[in-house]
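Structural overview
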Protein chains: 8
Amino acid sequence: MKQDHLRSLLSQVAQGHMSIDDAVLKLRATPTAELGYATLDMHRELRQGIGEVIYGAGKTPDQIVGIVNAMLASGQSSILITRLSPEAAHHVHKSLPNPDSLPFDYDPLSRIGSVGAIPVPDGRGTIVIATGGTSDMPVAEEAAKTAEFLGNNVTRLYDVGVAGLHRLLSHQHTILSAHVIIAIAGMEGALASVIAGLADCPVIAVPTSVGYGAAFGGLAPLLAMLNSCASGVSVVNIDNGFGAAYQASMINHVK
Amino acid sequence: MKQDHLRSLLSQVAQGHMSIDDAVLKLRATPTAELGYATLDMHRELRQGIGEVIYGAGKTPDQIVGIVNAMLASGQSSILITRLSPEAAHHVHKSLPNPDSLPFDYDPLSRIGSVGAIPVPDGRGTIVIATGGTSDMPVAEEAAKTAEFLGNNVTRLYDVGVAGLHRLLSHQHTILSAHVIIAIAGMEGALASVIAGLADCPVIAVPTSVGYGAAFGGLAPLLAMLNSCASGVSVVNIDNGFGAAYQASMINHVK
Amino acid sequence: MKQDHLRSLLSQVAQGHMSIDDAVLKLRATPTAELGYATLDMHRELRQGIGEVIYGAGKTPDQIVGIVNAMLASGQSSILITRLSPEAAHHVHKSLPNPDSLPFDYDPLSRIGSVGAIPVPDGRGTIVIATGGTSDMPVAEEAAKTAEFLGNNVTRLYDVGVAGLHRLLSHQHTILSAHVIIAIAGMEGALASVIAGLADCPVIAVPTSVGYGAAFGGLAPLLAMLNSCASGVSVVNIDNGFGAAYQASMINHVK
Amino acid sequence: MKQDHLRSLLSQVAQGHMSIDDAVLKLRATPTAELGYATLDMHRELRQGIGEVIYGAGKTPDQIVGIVNAMLASGQSSILITRLSPEAAHHVHKSLPNPDSLPFDYDPLSRIGSVGAIPVPDGRGTIVIATGGTSDMPVAEEAAKTAEFLGNNVTRLYDVGVAGLHRLLSHQHTILSAHVIIAIAGMEGALASVIAGLADCPVIAVPTSVGYGAAFGGLAPLLAMLNSCASGVSVVNIDNGFGAAYQASMINHVK
Amino acid sequence: MKQDHLRSLLSQVAQGHMSIDDAVLKLRATPTAELGYATLDMHRELRQGIGEVIYGAGKTPDQIVGIVNAMLASGQSSILITRLSPEAAHHVHKSLPNPDSLPFDYDPLSRIGSVGAIPVPDGRGTIVIATGGTSDMPVAEEAAKTAEFLGNNVTRLYDVGVAGLHRLLSHQHTILSAHVIIAIAGMEGALASVIAGLADCPVIAVPTSVGYGAAFGGLAPLLAMLNSCASGVSVVNIDNGFGAAYQASMINHVK
Amino acid sequence: MKQDHLRSLLSQVAQGHMSIDDAVLKLRATPTAELGYATLDMHRELRQGIGEVIYGAGKTPDQIVGIVNAMLASGQSSILITRLSPEAAHHVHKSLPNPDSLPFDYDPLSRIGSVGAIPVPDGRGTIVIATGGTSDMPVAEEAAKTAEFLGNNVTRLYDVGVAGLHRLLSHQHTILSAHVIIAIAGMEGALASVIAGLADCPVIAVPTSVGYGAAFGGLAPLLAMLNSCASGVSVVNIDNGFGAAYQASMINHVK
Amino acid sequence: MKQDHLRSLLSQVAQGHMSIDDAVLKLRATPTAELGYATLDMHRELRQGIGEVIYGAGKTPDQIVGIVNAMLASGQSSILITRLSPEAAHHVHKSLPNPDSLPFDYDPLSRIGSVGAIPVPDGRGTIVIATGGTSDMPVAEEAAKTAEFLGNNVTRLYDVGVAGLHRLLSHQHTILSAHVIIAIAGMEGALASVIAGLADCPVIAVPTSVGYGAAFGGLAPLLAMLNSCASGVSVVNIDNGFGAAYQASMINHVK
Amino acid sequence: MKQDHLRSLLSQVAQGHMSIDDAVLKLRATPTAELGYATLDMHRELRQGIGEVIYGAGKTPDQIVGIVNAMLASGQSSILITRLSPEAAHHVHKSLPNPDSLPFDYDPLSRIGSVGAIPVPDGRGTIVIATGGTSDMPVAEEAAKTAEFLGNNVTRLYDVGVAGLHRLLSHQHTILSAHVIIAIAGMEGALASVIAGLADCPVIAVPTSVGYGAAFGGLAPLLAMLNSCASGVSVVNIDNGFGAAYQASMINHVK
């Protein structure tokens, strides 16, 4: 149930078009749906303005399909699924009640799937997503597709790592016109600090597990980003493109 | 040099009230000041809208005084100094050219000092700062005073840790009306996740070094916050109240 | 040899129905059985009230079968096998002297196998098993099946993580009526603290390896749980559903 | 407010001796008290059967005194303060409204302070507290005094580490008659496993920071205890004698 | 070249049976053999009394065969190969110049291969090898077979972990009659401390990677063993059965 | 564009053989090429004297081919590709515009591929590459082939680890005549310290992931090399043979 | 009670010079003495041939004096105290019943104290103690004084670290004539590997906390020593000179 | 003894101006001097061209004075002492045989002391030393003073961290004209990567312990620098300004 629906329902009551009992009935519809293996939060869209997102890792294809169906049944019109394996994506696609009218999109690089239409962007400005290298692209696309699903314009700046500063400096205008920047890098993760020094908007840093040896699966860029000498940087989990985009979208939609 | 000054200067040029040569002269004023031990970034206020902040740790009182004076000489009207020892604060206070007209404020709990007047808040809304316990107050006050210095309204919710949920739930209205929330906690750092589940605005999490044993100086809440199962959370360095407030202010002043 | 058998034997001696020599003979039966690769503890049931449990990981199917047979031969009537691979389960099933009269149960999700009948619950109350997410289910089922094998009533609360508090709060009655709670969570592991703040019984926390990046294979929830700001929480090894259930059963059967 | 008070109040209502309005008034008394630096949970005793405990570390003597006074004012009759420095203890002692009628006890070894009388033990059995060495005594006494404050009989077995097994084996009877055992050890922390192999009751293990070099401040015994090959062991934070005793008391008072 | 050969050569010179030039020629035979990928130390047997051992991991089957052949060509009569894959073992076996007269032995559990005859034991006493569990057997057999190859009597005590102390105590006589003990355990690694407390000879502890979760690949028993509260314990690398046996053999052959 | 080309172009301008406009045109050719997934730095050869190197890990074969072709199109005559899988190597080989005239070389051990001719060595002296063991060869060959590609004479000293010092000491002359030494070792990484004590030129140490147990994927030799008690040692990432050779070549070509 | 005393007592019984009852009485003297804070193991000298050693760290001077007196009262004639602070040493010295006849020795560098006479060496050969640098001396002297107290000849080789190999090589004869070697080093800890490559006797390695930065309090040499590529090395805890000497003495007194 | 002296001595022999016996006598002067607590390497200057340097940490003032005197006695004319406390510096100064003719210099910031004259620079070019911030100055000055002592011209660029890129870019000419660069930074350590991307000479990176929280005493910049995405970077230990300068000087003096 979206906030708009809630307002409309309440104004129907206010104008006498709906009895109080009917309104209570609609509102008392239990906000959680218990599937045995999952407890869905059906009022989240109402509470936070964004529908439930399914974290696909560690769930069987059957469980994912079950959750999708419960959500659709509860009236949610678009669903994002992250870390979705190709097999599970195929499974979800086939299981949709009406795959023709209900678009399903899947990107194997970022392993992002979405059910329903991508909304028209309604944020304040643009989210710039920059990566240090080509190998950071799966994380970057998870961020980009999530941000687009949540109603944002996205500009991609890929492979602009600090070892060749002019690659980054040639995009200074893009950086200065961003409303939020997501800086994604593995190895030494210096990209976040350098971008934050150039920009005047919040920078959300995403360390990636790209690298080897003493990168320790993303620990090196994680620590680097947490210790950024530039102000205006905060950090999300290693490879967490979704989390960065979710917060970036909140900032881009700030009241 | 603030952006307002720049605009005014440029419009003077546009209207013929200032020669191009004079404008160039004013603009070419070198943006860095070299003090031997420090290289000041004098155009930062112009570039990012916020003046240089002095990180007081690891600098001698004399170096801090030298930097403050160079900033004042370059026209900056208010200066924030973090991690300022009481001794250095005393030193700075005495060295101000005119301590009477130029207010100096120092808080020994958060070790924050400020030169010049605190501005009238001009952000979009309120920044809520919540802590898990009483011992997190030094970090929380560093965040609160920084946010106030940067022009924000701040609401403090201290000692509302998750071990007694009703303490937090009784403030649900405050949480829902925030524009940004800074969640500060040591020990297991669960506060960030619980608040992010309740709120619909960005949450910046600050792990603190409060705790003992397997808290490992803040590592436990740091990891917990990075792995938050709630969406909308990003993290700054352990005990980094300043960094959280800086980004929160950016979000609260988003274009 | 169960404690009941011991008591009956001793009372036979007391009443003169058994000679001291016969009793000694029965009691001197060596309490360990050496299989070359394993040294079985045949008196454990007598000493601790619970029969030997086989930890299946790192043992060949042949070794597991050998241990099961030695246990059955020594008179043990029910055997629990944890971390049992499907292949080894098949092997054990086939090798049972009389698979028809001796039930064998295997759950591929939790990899728990059991030989013999599950006892009627005889504990003081209920063990509540709660998980943060769907992906924690294998660990939760290891705990649930172990607890049932050891004679406990179990209530399952799955996918009630702290990102949506009302999911948990709607089960407050269940939590308050528990005798022991096992809180299972990966990622930031905040579930244990929140439940312990609501409950008035011991909480055994199980960190899981669910998560990615800075979860570091369960290190993040492990540290979080060890640093819980709520009182009444203790912790077992990452993914150790069996260990939590074993101790929970001890508490639920406390003298 | 204790559960007994609540029951008596409710029965007064049931018998018509108290009006509903008066009962509501008494019950609606706000369960949290806000002191600015602390948010007290005044209904915890009602909810969990145990009054609020003050964690003294990181609080100023004035803050501790303020919390103690607020608790006394709310009707709590006995208060436990952990990690209380000698200075703060002196401060608390002096500040008590009537130090003569309200006993104050302080133990500098364990840094435990208590206000009010220690209750008569009412648990099911005995809590045995065992340590590996003499140096573990501060943690052990924190556990022992907490357990006594919470109404338990305590038996101390100090310096019975595994390097000389007969020291431990000579106390086998004590171990077998315990209802709960708290095993406290630094260095390699093997005590917990050995005791759990001998006992038939829950063992709560407390790693201590006793040791040097590769003990890494208690990390070595912490990991050892989490990996105990003996069943029935759970673990609390390094040096957390209080936490172990709190849970042990819960087990010893299980319904 | 063995020390015996050296002595006989020198006494031949002393007795005039060999010219100095001939002796020099024999002695100047280059002590290293360069194979491009390996630099063999042909005098090690002379220097240390033990021939070169081949560490098979990270070497191709061809490289191992090349090294074996170079060693045989230099006169070494028996060769131990550790961490030898079944494929490489097959390869070595086939490549031996005369597989019939030159025995080759391979144990797939410990991945130990040996070329040439196992010597008659000539050490001072017995090396006892004890393990905590069945899963430690591959490491234990690497130790046992190495010790036998180096001329020692070996007694195996497998699966005598501390969770059931009587399993270990029933072998107290074996422990007290050992000259060296190798204590092998994963999980919490307490076996080393308990054995060292019972024994009066050196104990070499081998942590194994057996375990899961917070065992962190053997880190938990490694730290525990390094922090043993019992005297007389030293430690080798995780899973390093060979290294423990090599030093144990040195001790058992001490001058 | 190489520095030589730049100088020739500029002297053509100086001598009037090229119009300024033509020169500008040639120089303004954009120094970065955007491929969507990669931003190539086409002027790096001009700036640093060494052409762009492709780090093959984490790139698809198609991406690598795309980058190679863009580089060739921009006039680069030789290209080094590190961490190139055999499949990608095959793909690159087939895609070369004219594989006959443009040599392609691939070494499956070091996973190094190169397009174009290897230059005649033009450094000041010799780079000596020493390894502790045979298993370090893939890293050593990555270093050796990189150094040769960058125009250096290379001397290989493989399997000269410190356990048999005479293996190393017999090469003392080679060590003393080196201009730079790359010391490559896993396990305890002592090779770097011992070589640096013998040599009088810079030593670049490369820890490798060779080893097991407490080697922790190369952490042990990494820490050892960083803490070398010998002066003149610096360290690169674990297994980073390329990085060591790149810097060694810089030193060997120092102005 | 020493083994000699036991044998003499038993032979008195065998020869009829002592009644069985008297012998039982002497033997039944309780082997542990409970001091409240310590449980002394009075039969350890009988069991292991070496009297109880007092680990002074974490014990109050009064506790140490109490233990010393209990030991003297039980007939032990010489006592070693490690990690003894100067204050506690003074306290022990003063408390001795007869300081004149009972020698007390204290070395402030190694913090070793001993009560009673140092025995005449009775080991098989010499223990060589080598250090990498001057700063390792406190640990080395703890080892040397312990070894001497336990009846061993000790040869000291200090400051022979691997950065200047000839310092070590000039002592090759001493190394080759040792029966056991204790190799003590901080920083990269390479000394153990190099010595083990030269020697033909067991090497016990002691990492020290000497160093800074990435030495991480001794972690770097600890890992290096555990991963020694030379055979015959085992390791004790960081800075544990006592533990190394204790095992070295066992080896030097092997049956 | 310097190499020049050696050559002159040998040519005297060649020309018959010195008898072979006299030369042997001079050359056989023992290259190590044993002071009990230290083994000096007197031929290091001959072997490596640089005299012994004294690492002052962990040595008593008396030991340092003893080493200085032994060096002067052996003919060394200038001595560098790192990590020298003010007290020890005072002690050394007073102990010099002739403080007037033998200059002694001490810098309390970097804790570097030197005996004898600083040589005229004779390297190939300039060593540039850059720091991220003012707090890195002690490490930077240790590097700068060491480099000057070893005969190098040094250019200092302090406080040019990446948060304000133009501070660094304004020094691009200095960076491009360097022969070696030492990049010193704490926090996220990004300076090394950015400089290496701009420069065409070797960059030696020094992580510093400047920072707090997740900087973990320099671990964050250490990992970042090891994972630099820019080529040409190698790393020394945390805070090891001396080590960086020593290698930089070797590079700057390359044959």
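Re the side chain of C:Ser234
When you line up the elements, C:Ser234 lands in strand E11 (residues 233-235). Exposure remark for C:Ser234: the relative accessible area of 0% places this residue in the buried category. Polar contacts involving the side chain of C:Ser234 include one to the side chain of D:Gln247, which spans 2.9 Å. Setting aside residues up to four positions removed in sequence, C:Ser234 forms contacts with C:Val203, C:Ile204, C:Ala205, C:Gln247, D:Ser234, D:Val235, D:Val236 and D:Gln247.

What to know about the relation of the copies chain C and chain E
Least-squares fitting of chain C to chain E yields an RMSD of 0.1 Å, with the superposition described by an axial translation of 0.0 Å and a rotation of 90°. When the rotation and shift are considered jointly, the pair of chain copies conforms to a four-fold rotation axis. Of the C-alpha atoms belonging to chain C, the one lying closest to the rotation axis is found on C:Phe216, 7.3 Å away.

Focus on the interface of chain C and chain E
With 21 residues of chain C in contact, the opposing surface of chain E contributes 16 residues. Put simply, chain C and chain E have 5 residue pairs in polar contact (both at pLDDT 80 or more) between them. Across the side of chain C that touches chain E, the residue classes tally to 8 nonpolar, 7 polar and 6 charged.

Quick look at the relation of the copies chain B and chain A
The transform that puts chain B on chain A rotates by 180° and translates by 0.0 Å along the axis, for an RMSD of 0.1 Å. Between the two chains, the operation in question is that of a two-fold axis. Every residue of chain B has its C-alpha some distance from the rotation axis, and the shortest such distance is that of B:Val235, at 2.5 Å. The fraction of interface residues of chain B whose copies in chain A are also interface residues reaches 97%, indicating that both copies meet through the same surface.

Some remarks on the packing of helix H10 (residues 219-226) of chain F against helix H10 (residues 219-226) of chain G
Close contact between H10(F) and H10(G) brings their axes to 8 Å; oriented N to C, the two are set at 125°. The angle between H10(F) and H10(G) falls in the class oblique. For the pair H10(F) and H10(G), the sense of crossing is left-handed. Every residue of H10(G) that contacts H10(F) at F:Leu219, F:Ala220, F:Leu223 and F:Ala224 is listed here: G:Leu219, G:Ala220, G:Leu223 and G:Ala224.

With respect to the sheet that holds strand E3 (residues 53-55) of chain C
All names here are of chain C. What the 4 strands build is an open sheet, ordered E3-E4-E6-E5; its pairing is mixed. Here the strands that pair on one side only, and so sit at the sheet edges, are E3 and strand E5 (104-107). Pairs of neighbouring strands in the sheet enclose a mean axial angle of 15°, with direction left out of account. Of the pairings in the sheet, the one linking strand E4 (residues 79-82) to strand E6 (residues 112-115) comprises 3 bridges and is antiparallel in character. Looking at the pairing, Leu80 lines up with Ser114 of E6. Where helix H5 (residues 86-95) meets the sheet, its contacts fall on E4, E5 and E6, and the angle it forms with E5 comes to roughly 175°.

Regarding the side chain of B:Gln76
Residue and element names in this part refer to chain B. Following the sequence through the fold, Gln76 ends up in the loop between helix H4 (61-73) and strand E4 (79-82). Its relative accessible area of 9% is what places Gln76 among the buried residues. Here the side chain of Gln76 touches Ser78 through a polar contact of 3.3 Å, landing on its backbone oxygen.

With respect to the interface of chain B and chain A
Listed by partner, the interface residues are 33 residues for chain B and 32 residues for chain A. Of the roughly 2900 Å² buried between chain B and chain A on both sides combined, carbon and sulfur atoms contribute 52%. At the boundary of chain B and chain A, one finds 0 salt bridges. Inspection of the region where chain B meets chain A yields 12 residue pairs in polar contact (both at pLDDT 80 or more). Elements with a minimum of two residues in the side of chain B that touches chain A: helix H3 (44-48), helix H9 (191-198), helix H10 (219-226), strand E11 (233-235) and helix H11 (241-252) of chain B. Broken down by element, the residue count for the side of chain B that touches chain A peaks at 5 residues, all from H11(B). When its residues are assigned to classes, the side of chain B that touches chain A shows 18 nonpolar, 10 polar and 5 charged.

Considering the environment of G:Gly36
All names here are of chain G. Mapped onto the elements of the fold, Gly36 is located in the loop between strand E1 (32-34) and strand E2 (39-41). Judged by its relative accessible area of 55%, Gly36 is exposed. Linking Gly36 and Gln63, residues 27 residues apart in sequence, is a C-alpha distance of 9.9 Å.

Thoughts on the sheet that holds strand E4 (residues 79-82) of chain E
Residues and elements named next belong to chain E. Strand order in the open sheet formed by 4 strands is E3-E4-E6-E5, with mixed pairing between adjacent strands. Of all the strands in the sheet, the pair left with one neighbour each is strand E3 (53-55) and strand E5 (104-107). Recorded for the sheet is a direction-independent mean angle of 15° between the axes of neighbouring strands. As paired elements, E5 and strand E6 (residues 112-115) share 4 bridges and run antiparallel to each other. Its bridge partner being in E6, Phe104 is matched across the sheet by Val115. Seen against the sheet, helix H4 (residues 61-73) touches E3, E4 and E6 and runs at an angle of roughly 165° to E4. In this fold helix H6 (residues 137-149) packs onto E4, E5 and E6, with an angle of close to 15° to the strand it touches most, E6.

The rules behind the values
Residues numbered from 1 in each chain as written. Chains lettered and ligands numbered in written order. Predicted model: local features only at pLDDT ≥ 70, side-chain atom pairs only at ≥ 80, totals over all residues. Heavy atoms only, no water. Helix = DSSP H or I, 4+ residues; strand = E, 2+ residues; numbered from the N terminus. Buried < 20%, exposed > 50% of the residue type's maximum accessible area, 1.4 Å probe, protein only. Polar contact = N/O pair within 3.5 Å; in protein donor to acceptor, adjacent residues only side chain to side chain. Contact = heavy atoms within 4.5 Å. Least-squares fit on C-alpha atoms with pLDDT ≥ 70 in both. Nonpolar A, V, L, I, M, F, W, Y, C, P; charged D, E, K, R; others polar. Axes fitted to C-alpha atoms, helices over the stretch in contact; angles between N-to-C directions. Parallel < 35°, antiparallel > 145°, perpendicular 65-115°, else oblique. Left-handed = near helix turned anticlockwise from the far one by under 90°. Pairing = 2+ DSSP bridges. Buried area = accessible area lost by both parts, 1.4 Å probe. Salt bridge = Lys/Arg side-chain N within 4 Å of Asp/Glu carboxyl O.

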